[in-house]
Amino acid sequence: MANLGIAKNTIEIIQKYGFAFQKRFGQNFLVDTHVLERIIRAAGLTKEDMVLEIGPGIGTMTQYLAENAGRVVAVEIDSNLIPILKETLQAYDNVTVLNEDILKVDIRALAEEYNGGRPIKVVANLPYYITTPIIMGLFESQVPIDNITVMVQKEVAERMQAGPGTKDYGALSLAVQYYAEPYIVANVPPNCFIPRPGVGSAVIRLTRHQEMPVKVKDEKLMFSLIRASFNQRRKTLQNGLSNSAELSFSKEEISAAIQALGLSPTVRGEALTLEQFAGLADALGEKTDGTQER
Ligand code: SAM
């Protein structure tokens, strides 16, 4: 089968099937062999690995994955792509294509069925409209995962990797870094795709922590505090937390917890590290069980 990482071959197959791109599914097909090779290298694939690919499209990256991994399970929502995938992947007996919505798939069950519950790798050129739910879903549903290597919008990759005190730092940085170590592998310009997206892209690898980087008694409370602090970015941490509809701590309780951590009463949420948010959650969690339904 011709290498679909070459634009001419992608155009040929699209024309052969009269395929119409669907904007609502975030369809931008990758046509750059160097970028494809870098993604495969960054994921560190071996023949022992099971890879979950989200949105195989016409099977461009799937071909590379099939060559380098032991088994590939590819989940594609668009049924118009299924006959195309049959043709483009016919040479491989280690690929399973499922015509489903990834947000409705029980990925833990897939890992169990295809990999005996051992950690899987996730590789994808993601549909950008659902980047965050896909990634947070993978982490929060406790799917056994080694690493996730994905193409995302450039700004989103930068937010995932950002540290305290920078303009990109926010709830997404903390959520991702709680579960994984982010590393931006490459920036990818729009001309590497058909059709060209209106934004720049980047490949980011998220390597799952073997051990959580912070210990926190109540994870949910910590994430409620994080959300509340960044919802009102320009407010002090103390005001952000007291004004939050999600929390019901008194001003005094909040102020005491901030002080107990050795932080200034006027500190802003964006200055706090993950460790400090964990400390804050532990301090407030001890004071009262006075949080509302979270
Ligand atoms: N992997 C291909 C490539 O690199 O050329 C296609 C990538 S394209 C950016 C995103 C793919 O995800 C499309 O094929 C699209 O149909 C598929 N997709 C969109 N939403 C999806 C969903 N909820 N579940 C599964 N696949 C989805």
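Each remark here, short or long, concerns the structure printed above.
Just so it is clear, the model here is predicted, and its values are computed rather than measured.

What counts and how
- Residues numbered from 1 in each chain as written.
- Predicted model: local features only at pLDDT ≥ 70, side-chain atom pairs only at ≥ 80, totals over all residues.
- Heavy atoms only, no water.
- Helix = DSSP H or I, 4+ residues; strand = E, 2+ residues; numbered from the N terminus.
- Buried < 20%, exposed > 50% of the residue type's maximum accessible area, 1.4 Å probe, protein only.
- Contact = heavy atoms within 4.5 Å.
- Pairing = 2+ DSSP bridges.
- Near = heavy atom within 4 Å.
- Polar contact = N/O pair within 3.5 Å; in protein donor to acceptor, adjacent residues only side chain to side chain.
- Nonpolar A, V, L, I, M, F, W, Y, C, P; charged D, E, K, R; others polar.

Caption draft 1: Region of interest: the overall build of the protein chain. Regarding its fold elements, the protein chain presents twelve helices and nine strands. Overall, the protein chain is about 70 × 40 × 30 Å in size when its C-alpha atoms are taken along their principal axes. By residue count, 50% of the 294 residues in the protein chain fall in the buried class. The contacts in the protein chain between residues at least 6 apart in sequence include a share of 69% that link residues at least 24 apart.

Caption draft 2: Inspection of the pairing of strand 9 (residues 201-208) at higher detail. In terms of burial, strand 9 is a largely internal element, six of the eight residues being buried. Inspection of the sheet shows strand 6 (residues 145-153) paired to strand 9 by seven bridges, in the antiparallel sense. Bridging across to strand 9, Thr149 finds its partner in Arg205. Across eight bridges, the pairing between strand 7 (residues 180-188) and strand 9 is antiparallel. Paired with Ile184 across the bridge in strand 9 is Ile204.

Caption draft 3: Just the site of the ligand, in detail. Neighbouring the ligand are 23 residues, the closest being Leu30, Gly55, Glu76, Asp101 and Tyr129. Asp101 places a polar side-chain atom, nitrogen or oxygen, 2.9 Å from a nitrogen atom of the ligand. Broken down by class, the residue content of the shell around the ligand amounts to twelve nonpolar, six polar and five charged.

Keep in mind these numbers describe shape, not what the thing actually does.
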